[in-house]
Amino acid sequence: MKTLTYDLHIHSCLSPCGDNDMTPAMIAGMAKVIGLDVIALTDHNSCKNCPAIQKAADAYGIVCLPGMELTTTEEVHVLCYFQNLADAMDFDRYISSHLPDIPNKPALFGDQLICDVEDRVLDQENRLLISATDIPFDAVYDLTAQYHGIMVPAHINKASTSLLGNLGFIPDGSRFSCAEIKDEADWPKLQKQFPYLVSCNHLCSSDAHDLNSIHEPIYTLSAEDHSPAAILAAIQKSYS
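Residues numbered from 1 in each chain as written. Predicted model: local features only at pLDDT ≥ 70, side-chain atom pairs only at ≥ 80, totals over all residues. Heavy atoms only, no water.

A. Main features of the overall build of the protein chain. On a plain count of helices and strands, the protein chain comes out with eight helices and ten strands. For a compact globule of 240 residues, the expected C-alpha radius of gyration is about 18 Å, and the protein chain comes in at 16 Å, within 12% of that figure. When its C-alpha atoms are laid out on the principal axes, the protein chain stretches across 45 × 40 × 30 Å. Within the protein chain, buried positions represent 55% of all 240 residues. Intrachain contacts of the protein chain at a sequence separation of at least 6 include 71% that bridge at least 24 residues. By element, 52% of the accessible surface of the protein chain is carried by carbon and sulfur atoms, the whole surface being about 10,100 Å². Treating the 14 positive side-chain charges of the protein chain as one cloud and the 32 negative ones as another, the clouds have centres 2 Å apart. (Helix = DSSP H or I, 4+ residues; strand = E, 2+ residues; numbered from the N terminus. Rg over C-alpha atoms; globule rule 2.2 N^0.38 Å. Buried < 20%, exposed > 50% of the residue type's maximum accessible area, 1.4 Å probe, protein only. Contact = heavy atoms within 4.5 Å. Areas by Shrake-Rupley, 256 points an atom, 1.4 Å probe, with all protein chains shown as cover. Lys, Arg positive; Asp, Glu negative; His and termini not counted. Charge placed at Lys NZ, Arg CZ, Asp CG, Glu CD.)

Put into structure tokens, the structure is as follows:
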């Protein structure tokens, strides 16, 4: 087994709330300097900066999971992780077709920049990426599985945009096996309050929107090897 340090919830300059210096190469470079083994790019409702960050991370010897922070119809944020870039980009195209045509207002929400591996701006996303899609929470498990991915409800006990903050409960029929929390100390209390979580793994990631917020290498997971498939398997098991 390999013990891997991680931060699996990072936003780039494509997310409207992400700083413009959160470019793919800058994120990968910061992860290298900090000493992380595994990162994931999880922009709001988009994977369009995943190609660039995967190339940058590969150059630094860091594993980067292609991902997304999906906003459901209920405005619940769900982290979606994929084994490979092709599946992530197919998922991106599907989600794009379920995103409302609400224009972004850069002066209010921030730019939504798509970059190449050298951090040159290739394009901007004109629709507001923090909008809710028309995909309900209870459809996300099967949807991500169709693209060989997994779902992890994000910051589940955050006051807003979270499973417990927005819904107040874990829906019957839920099948996720890992949840993200902000503070490690919250987990025992959450498991006691919501018995469903007793059999779940948990992640603690930064939800970084600026370079200084990316986690130091303090959280770890144990995987069979460094491959994305092994890391996804580890996320779903109680190895942390």
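B. Inspection of helix 3 (residues 85-96) at higher detail. Here helix 3 is twelve residues long and its end C-alpha atoms lie 16 Å apart, about the 16 Å a rise of 1.5 Å per residue gives. For helix 3, the complete set of buried residues consists of Asp-87, Ala-88, Met-89, Phe-91, Asp-92 and Ile-95. If you follow the buried residues of helix 3, they end up packed against helix 2 (50-60), strand 3 (63-71), strand 4 (77-82) and helix 5 (140-146). The distance from a side-chain oxygen at the start of helix 3 to the backbone nitrogen of Ala-86 is 3.2 Å, and the residue carrying that oxygen is Asn-84. (Expected span 1.5 Å × (residues − 1). Polar contact = N/O pair within 3.5 Å; in protein donor to acceptor, adjacent residues only side chain to side chain.)

C. Inspection of the packing of aromatic side chains at higher detail. By the definition in use, this model includes six aromatic pairs. Here the aromatic rings of Tyr-94 and Tyr-147 are separated by 6.4 Å at their centres, their planes lie at 50 degrees, and the arrangement is tilted. Residue Tyr-94 is located in helix 3, and its partner Tyr-147 is located in the loop between helix 5 and strand 7 (149-153); the two are separated by 53 residues in the primary sequence. When its relative accessible area of 29% is taken as the criterion, Tyr-94 is described as partly exposed. Residues Phe-176 and Tyr-196 carry aromatic rings whose centres are separated by 4.9 Å and whose planes lie at 50 degrees to one another, so their mutual orientation is tilted. Of this pair, Phe-176 sits in the loop between helix 6 (163-167) and strand 8 (178-181) while Tyr-196 sits in the loop between helix 7 (187-193) and strand 9 (201-204), and the two are 20 residues apart along the sequence. Cluster of aromatic residues (ring-pair linked, three or more members): Phe-82, Phe-91, Tyr-94 and Tyr-147. (Phe/Tyr/Trp six-rings, centres within 6.5 Å; stacked < 30°, edge-to-face > 60°.)

D. Representation of helix 2 in the model. For helix 2, the complete set of buried residues consists of Cys-50, Ala-52, Ile-53, Gln-54, Ala-56 and Ala-57. Residues of helix 2 that are buried sit in contact with helix 1 (24-34), strand 2 (38-41), strand 3, helix 3 and strand 5 (113-115). Looking one or two residues past helix 2, Gly-61 carries a phi angle of roughly 75 degrees, positive in sign.

E. Broad picture of the sheet that holds strand 4. The sheet built from six strands is open, its strands ordered 7-4-3-2-1-10 with mixed pairing. Where the open sheet ends on each side, the last strands, each with one partner, are strand 7 and strand 10 (220-223). The average angle at which neighbouring strand axes cross in this sheet is 35 degrees, direction not considered. The strands touched by helix 3 within the sheet are strand 3 and strand 4, with strand 3 carrying the most contacts at an inclination of about 15 degrees. (Pairing = 2+ DSSP bridges. Axes fitted to C-alpha atoms, helices over the stretch in contact; angles between N-to-C directions.)

F. Main features of the side chain of His-11. Here His-11 shows up in the loop between strand 1 (2-10) and helix 1. Only 3.2 Å separates the side chain of His-11 from the backbone oxygen of Thr-42, close enough to count as a polar contact. When near neighbours in sequence (up to four residues on either side) are disregarded, His-11 contacts Met-22, Ile-27, Leu-41, Thr-42, Asp-43, His-44, Glu-69, Asp-207, Ala-208 and His-209.

G. Molecular detail of the packing of helix 1 against helix 2. One can describe the packing of helix 1 onto helix 2 by two numbers: an axis separation of 8 Å at closest approach and a directional angle of 30 degrees. Relative to helix 2, helix 1 is oriented roughly parallel. Crossing geometry of helix 1 relative to helix 2 is assigned as right-handed. For the pair helix 1 and helix 2, the contacting residues are Pro-24, Ala-25, Ile-27, Ala-28, Gly-29 and Lys-32 in the first and Ala-52, Ile-53, Ala-56, Ala-57 and Tyr-60 in the second. The residue inventory of the contact of helix 1 with helix 2, partitioned by class, reads nine nonpolar, one polar and one charged. (Parallel < 35°, antiparallel > 145°, perpendicular 65-115°, else oblique. Left-handed = near helix turned anticlockwise from the far one by under 90°. Nonpolar A, V, L, I, M, F, W, Y, C, P; charged D, E, K, R; others polar.)

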